[in-house]
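# Structural characterization, general
Below are the chains, spelled out letter by letter.
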Amino acid sequence: MKMLKTTILIAVFLTGRCIAMAQLPFYHSVHFTNENGLPQNSIKALEFDIRGYLWMATEMGVVRFDGSQFKWYDKSLYPQLGSNRIAMLRTATDAVVYFTTDDNRYYKISADGKLNDIVPRPGLESWMENGATGFAFQVYDSIEAKITAGELDAALLPDAMSLRRSLVNSMLRTGDRYYYFTAGMEMITTDTALRSFRKVKFRGIQPAASKQACSLLQDDENLYLRDGQMLYRIIIDREDQVSLQPFLKIGDIPGITSLALTAGQDVIVLGTLSDGLYVFTKQYFITHLLDDLEANVFYAVAPYHKNGFISKKAAFDNGKVIPLKDNFTSEALLRTRDGHYWLNRWQSRSNAGLVELDGNLQQTRFVSSPDLRVTCMQQFRDGSIWLSAQNEYIGRLDQDYIQWSKLPGGIPKNFQLATFIETASGDVWLAGGRGVYIMKAGSGAIAPVAGLDSVTVRAMVEDSHGTIWLGSYGSGFFAWRKGKLTRMPLDKQQYLLTAHQFIEDSKGNYWIPTNRGLFCVHIDDLYHYLDDARFPLYYHYFDNTSGFLSNEFNGGCTPAGCRLEDGSIVLPSIRGAVQFRPEEVPVYLSRNPIYIDAITIGNRQFSVPAGNTLQFDRKAGFLEITISSPFFGNQDNNHIEYQLEGISPEWRALPRDQKLTFNELSAGSYTLRLRKRAGFGKDNLIQTSMAITVPPFFHETISFKLIIAAILILATIAFARVRMQYLINQKKRLEKEIRQRTVTQTELIGSLEQTVNALESSQDQIRQDAQFRQQLAMIIAHDLQSPLRFLSQTTAWLEAQYGVNRNQDFSGLLREISKSTQANHVFIEDIGYWIRSMGSDFTVNTKLFPLQELLVEIADFFAPLAREKNNRIIVAGPPDIKVNTDRQLLRVILRNMVDNANKFTAQGQIVIEAQAEANTCTLIVTDNGSGIKPALLLELQQRVTQSAPVDTHFSARGNGFRFITAFARRLNLQLKLSSRQGAGATIALQGLACVVTTEEQSVEIKPIHHEQYTTG
């Protein structure tokens, strides 16, 4: 429902501009016009019926209001109406509404919503006239006639201007007496027989005597006087004397014609002549503000004296505001058991610390602590004061300093403690943005609370049962009971995702402020849910229409609300501090029944069927059911749920327009169930239901299905006969085709045999070609070895002959020729051996030979090449190792390992080392050269661990790794590579079978000195 105008009535005190309780209660006003629900803005009469509905007489028919939705009764919907202009309206005790139109016809609206015209029974006319105002003209005419006849003084004539302006607020009738104003604004009372006239005296408050702002109103036997911006209740002391009791400040509402009150008088409804409807709801919350508009965002608060409180800026005490002189932070405030207060002063980084104030707010102590920003302060049972702060963990306050504790193990380093409490068992609960932890009493052991790892907990309270209630920012609130954590259900709007505090009142309720309003929940109901999660937990909701200026309460501070000695509660918000007495705040719940108000099928509207049993014919279109339950409080607390049994067991919230629409109900029986809470506690539900039967279409009936089944059976028999004849014909055709294909298949088999023979001949030829290519490569490698060996020996001899005291250029040239031919010879020899090893007929020639002899041979071979790069080759390891393997393959592997080491080392050393353990030997070649780049090392390691038998490609460290990997696999050896860039590389050859001979069995090998391989 769109609200055109919302007014909060408040009283403002000069001292501190404190909004507080005045003589009159505060009311929240909502204005309805033809722009947000009414058919038009003239309301002649108002009455509540016994069910809680508000009925209105207007110039456009009768209007019913349930606090949320308007329902019209006019000629467009009910053609039997003779006119839309309603003259009189009354509600009876049986929930029937009677009314008349300006053509003097009578009608009634029964409890089931049916409208009928009636012939008034005896007594109905007088009963309706007693509640109407049409008698005013009759009284005026009778008095005027008596004045003309000289029986009365002309000063007793009712004010004609008031009568012409509005009949409905110019004269009152109570019992057997009339009350009205004369043209001279004197109140006159007379008996209904117009025999005795008396001037009415006002005791106490006197009316302002303004014709433009003075009118008389009536609600049953209660009489009211509207005088200017105030509405007074008229108390009749005696027939000629009345007192005016201030009732409601109504402001400048024009032309008030009627007034109605709910039973508790917390809702007052005013109808007007041309300004629609006003609904006033009583407020029970007051808001405290400071003169400094920038300082009205309140955080931590604590009790002060009996019914006052203190915040970081000031103390509030019985309407007085006592400013605090210092600059305090807002996150934490502590009132100790001796009535003193601790606040966090922060003037600057260097001028910060804790300030102690006595009960008169005088400073008694200052504990300096640079850049201190406290997040929480608590006094433990032993009287000690503990606090947490930004960039600190937790500390204890001593006389003049804070003794901070270090963050214990088990808590993340980036944990920021937001709040903590000491439980009755002595444990300390620690909460922040990274979970909740329990510090055990005595041992100090830390234990996390499972399930709260990513939850930001900012409020914790332990109740008298030992249950700990935890409020979070964005994750709802939780209960820790007997070692079990339970996440409590949210309200229907999910405002309880942010729960700032839990404050218990004397009635056993918790008050929970949030960022979107305030909730009240019965503590026993919380425990009912903890015992049985099926219990429908009820949260009563209050928003700013209840008296506070903003729905956003503040949390993240300690304490985020407090209960004062007089039982009232104070809560900080972003617009002031809200104070209220929980015992005086009524928890308004709609105890009115749930009504099925209307049923629409297609475009036709039907009355609710007797017995709440509906048969819905789907041919007519959709089904729409309108639900209503009168409630003039906060509509969030009139929470109606529905369940359609037969479709889903789930309970869902009724839409705001209070209509349920069903478009695709299949044939069957359903039960529509409706429920709402009528208060706290168990079994406090208001429920109703309606049975819905959806008859099947003809094609959904059993008869139709039997007919279809018979047709299918006959069709199946006919089809079987036709199919049988078809299969016989097919069999004959297939037999003929099989004979033809058998002949073709025989011819095909002969052709395939010839093809197989040809393929076998081709395969032999391919095998011979492969062997030929292999033999050809071996011949090439073999034929190249002899001339290259000769060339190598010749150049070596030439170098030796001309190397001494000869032309240095010529000697160098010969040396290069020697090196090149020697390298070519070695490469051709290796590649020839590699090619042979790839052959299918290659066998490994395994024999036992001395290992050191081979290592010395390798070292001798590379000595000249090492001297060229100023490298030193070292042979290390036991001299008496014999290995059992193919010597030629092992020599090729070692030669390429040493060659790679020499290539990438300059002015360093190369170590060839043999290590023996049990019956296996490991050969290691280590250099201290430039090492292998990380990317290249990863590539090499992947290559040497490949399972393929042949390594066909290496892009790094030369072709030598082809031989190393290929021959290592042939010998079933493992390669291990490691390197650190700039510090050399290591290649290990593992898995050699070996024996270690005794000294007598060792092979005599010429000693190798390190100096042999060292140049310079």
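Everything below is about the structure shown above.
Here goes a summary of the coordinates provided. Because the structure is predicted, anything quoted here is derived from the model rather than measured.

Here we take up the overall build of the chain. Along the backbone of the chain there are ten helices and 66 strands. Every one of the 1016 residues in the chain was classed for burial, and the buried ones make up 48%. Restricting to contacts in the chain with at least 6 residues of sequence separation, those with at least 24 account for 55%.

Look at the link from T558 to P559: it is a cis peptide, with omega at -5°. Relative to the helices and strands, P559 is located in the loop between β47 (540–542) and β48 (562–563). A positive phi angle, close to 55°, is found at N870, a residue other than glycine. Here N870 lies in the loop between α7 (851–868) and β61 (872–876). For N870, a relative accessible area of 40% corresponds to the partly exposed category. Look at N972: it is not a glycine, yet its phi comes out positive at around 60°. The residue N972 is located in the loop between α10 (960–970) and β65 (974–979) in this model. N972 gets classed as exposed once you look at its relative accessible area, which sits at 61%.

On to helix α8 (residues 887–903), then. For α8, which comprises 17 residues, the first-to-last C-alpha distance of 24 Å matches the rise-based estimate of 24 Å (1.5 Å per residue) to within 8%. Most of α8 is tucked away: 14 of the 17 residues are buried. With a side-chain oxygen positioned 3.0 Å from the backbone nitrogen of Q888, the residue opening α8 is D886.

For strand β30 (residues 352–357) and strand β31 (residues 363–368), the ladder comprises five bridges, and the chain directions are antiparallel. Across the sheet, the residue bridging to G353 is S368, located in β31. Hairpin connection from β30 to β31: five residues lie between these consecutive antiparallel strands, with L361 at a positive phi of about 65°.

Right, let's get into the packing of aromatic side chains. A full pass over the atoms with the stated rule returns 35 aromatic pairs. Taking 5.7 Å as the distance between ring centres and 55° as the angle between the ring planes, the aromatic pair formed by F477 and F502 counts as tilted. Residue F477 is found in strand β42 (residues 477–481), and its partner F502 is found in the loop between β43 (484–487) and β44 (503–504); the two are separated by 25 residues along the sequence. Neither F477 nor F502 differs from the other in exposure class; each is buried. Summarising the aromatic geometry, the rings of Y495 and Y541 are spaced 5.6 Å apart at their centres and angled 45° between planes, so their arrangement reads as tilted. Residue Y495 is found in the loop between β43 and β44, and its partner Y541 is found in strand β47; the two are separated by 46 residues along the sequence. When sorted by exposure, Y495 lands in the same class as Y541, which is buried. An aromatic cluster is built from W469, F477, Y495, F502, Y510, F519, Y527, Y539 and Y541, whose rings are joined through pairwise contacts. Seen from the ring of W651, R675 lies directly overhead, with NZ or CZ sitting 4.1 Å from the centre. When the ring centre of F861 is taken as origin, the NZ or CZ atom of R895, which lies over that ring, is 5.8 Å away.

About the criteria used
Position numbers for residues start from 1 in each chain and track the written sequence from start to end. Totals for whole chains, interfaces and linings use all residues, but because this is a predicted model, local features are given only for residues with pLDDT of at least 70 and pairs of side-chain atoms are given and counted only at 80 or more. As a convention, hydrogens and water are excluded, and side-chain values are obtained from all of the structure's heavy atoms. To qualify as a helix, a DSSP run of H or I must reach at least 4 residues; to qualify as a strand, a run of E must reach at least 2; elements of each kind are numbered from the N terminus. Only protein chains enter the accessibility calculation, which uses a 1.4 Å probe. A residue is then buried if its area is under 20% of the maximum for its type, exposed if over 50%, and partly exposed in between. Contacts: residue pairs with any heavy atoms within 4.5 Å of one another. The span expected for a helix works out to 1.5 Å for each residue beyond the first. We call two N or O atoms a polar contact when they sit within 3.5 Å, provided that within protein one can donate a hydrogen and the other can accept it, with sequence-adjacent residues counted only if both atoms are side-chain atoms. Pairing between two strands requires that DSSP report at least two bridges joining them. Stacked, edge-to-face and tilted labels apply to pairs of Phe, Tyr and Trp rings (six-membered ring for Trp) whose centres lie within 6.5 Å, assigned for plane angles under 30 degrees, over 60, and everything in between, in that order. Whether a charge lies above a ring is judged from NZ of Lys or CZ of Arg, which has to be within 6 Å of the ring centre and within 35 degrees of the ring normal.

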